[in-house]
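# Structure at a glance
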Amino acid sequence: MKFAFIKLGAILLLATTLLSCRGQKTENPPMRTHFNMHFQDRFNAQEENPYFENGMAMRLPIEGTVARGMLRNNSILFEGVDEDGNYVDEIPFELTRDFLYRGKERYDIYCQVCHGATGNGQGIIMTGQYGYVPAPTYHREASYNMPDGEIYSAIANGVRTMPSYATQIKVEDRWAIVAYIRALQKSQNVPETEMDRFDVDLAQLVDQYRAEEARLAALAESRTARGDDEVTAARGERLYIQNACQACHSLDGSVVVGPSFQNLFGSERTFTNGNSTTADEAYIMQSIVEPGANVVQDYQNAMVPYDFLSESELQSLVEFIKTLSDE
Ligand code: HEC
Ligand code: HEC
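A short tour of the structure in this document, coming up. In this text the structure is predicted, and so the values were computed from the model without any measurement.

Before going further, it helps to spend a moment on the overall build of the chain. The number of helices and strands found in the chain is 13 helices and two strands. Its C-alpha atoms give the chain principal-axis dimensions of about 100 × 65 × 50 Å. Taking all 327 residues of the chain together, 17% fall into the buried category. The long-range fraction of contacts in the chain, counting pairs at least 24 apart against all pairs at least 6 apart in sequence, stands at 57%.

See below:
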């Protein structure tokens, strides 16, 4: 009796196993007893529909309609500008400890790779030399004077060659990041007299700072050592690509973010400070390592100093730029 049950069980098991995987794929929906509303006429996205004048099945929302929760009528909050279109200089949230830490967390996820953990522009993407446009440091006058709304706008809309992070970062988090960047800026500018207000080990901080300086110096050293001392236009052309100069400087006369290199060498340059000069080797060299010294008229001071390039690299870039002039 017991044996018969086991036999029956084994046969049933074998039968279900064999029947359940017959290895045939089907496009048909699984078996259904009630069809409910599974099958009905409808249009797929982008499909035609001759019923409407423009022949499209997809309809635009009626002008002026706002989806629930999508009303964006507060320009300060959503765009960082007041009703006159000027960047605001305040963060429209209460600055609590949690808010700042939220900003730190989001900053470390989204911005640190380029702008660096302390905001010095030395994130891993930059120090690794992946050929990206260098991220500017937040620790410079222009950045200190930048209104909060403009930093917000950099996240929401991008800035020149930096893409927008609007799809990844929510409005409140964007402002939290702005607050954290302000905190970073403060953190690099605390006078020694104020330091004892904080519970920090100064000696240890100094050690850390020295170590970081040494690391950056060694990095710059290794870059210089890596390049041979060859000075050629061909090497300059490679450097032009590797250092992402082409993101801002064209070779065909068109204006991207900065002036084109076409016919730059030997031309007369006028600057925002009213001065002018002829673009010779020394001028081009200085423009690369110290772009803020003379800002070309009609342009912004948007170029990060490429002061990490070696002498022969700079000279090669100059040689390359020379080949782009007619004379
Ligand atoms: C992939 C690298 C990268 C990431 C990630 C990145 N940035 Fe940038 N950022 C740049 C570059 C490059 C520029 C300079 C763009 C230019 O001038 O063309 C820039 C410029 C800026 C500026 C203008 C700075 C100035 O002083 O002129 C701000 C503000 C800024 N970024 C904020 C942010 C914030 C906030 C985040 C994170 C949400 C972020 N960036 C993430 C690369 C990056
Ligand atoms: C993020 C954009 C950007 C990048 C990247 C960039 N530049 Fe610039 N550069 C500018 C802008 C904007 C100006 C004009 C304002 C000024 O003079 O600083 C400029 C000015 C110059 C000038 C002076 C041009 C003139 O018309 O007088 C030279 C030379 C130059 N850049 C070389 C370089 C080289 C070489 C590289 C790459 C190693 C480079 N730039 C990368 C934006 C950039």
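A word on the packing of helix H12 (residues 281-289) against helix H13 (residues 311-322). Contact geometry of H12 with H13 gives a least axis separation of 10 Å together with a crossing angle of 120°. By the criterion of interaxial angle, the relationship of H12 to H13 is oblique. Our pair here, H12 against H13, has a crossing hand that is right-handed. Contacts between H12 and H13 involve Glu-281, Ile-284, Met-285 and Ile-288 from the former and Leu-314, Leu-317, Val-318 and Ile-321 from the latter. For the contact of H12 with H13, the per-class residue count stands at seven nonpolar, no polar and one charged.

Near ligand 2 lie 28 residues; those nearest to it are Cys-245, Cys-248, Gly-258, Pro-259 and Met-303. Of the residues forming the shell around ligand 2, the biggest block, three residues, is contributed by H12. Of the residues assigned to the shell around ligand 2, the class counts are 19 nonpolar, seven polar and two charged. Inspection of the shell around ligand 2 shows a minimum of three residues originating in each of domain 1 (75-190) and domain 2 (233-322).

On to the site of ligand 1. Residues in close proximity to ligand 1 total 24 residues, the closest being Cys-111, Cys-114, Arg-160, Thr-161 and Met-162. Of all the secondary structure elements, the ones that give two or more residues to the shell around ligand 1 are helix H4 (112-115), helix H6 (141-144) and helix H7 (148-157).

Each value, and the rule that gives it
Residues numbered from 1 in each chain as written. Chains lettered and ligands numbered in written order. Predicted model: local features only at pLDDT ≥ 70, side-chain atom pairs only at ≥ 80, totals over all residues. Helix = DSSP H or I, 4+ residues; strand = E, 2+ residues; numbered from the N terminus. Buried ≥ 20, exposed ≤ 12 C-beta atoms within 10 Å, placed from the backbone. Contact = placed C-beta atoms within 7 Å. Axes fitted to C-alpha atoms, helices over the stretch in contact; angles between N-to-C directions. Parallel < 35°, antiparallel > 145°, perpendicular 65-115°, else oblique. Left-handed = near helix turned anticlockwise from the far one by under 90°. Nonpolar A, V, L, I, M, F, W, Y, C, P; charged D, E, K, R; others polar. Near = placed C-beta within 6 Å. Domains from an automatic or database assignment.

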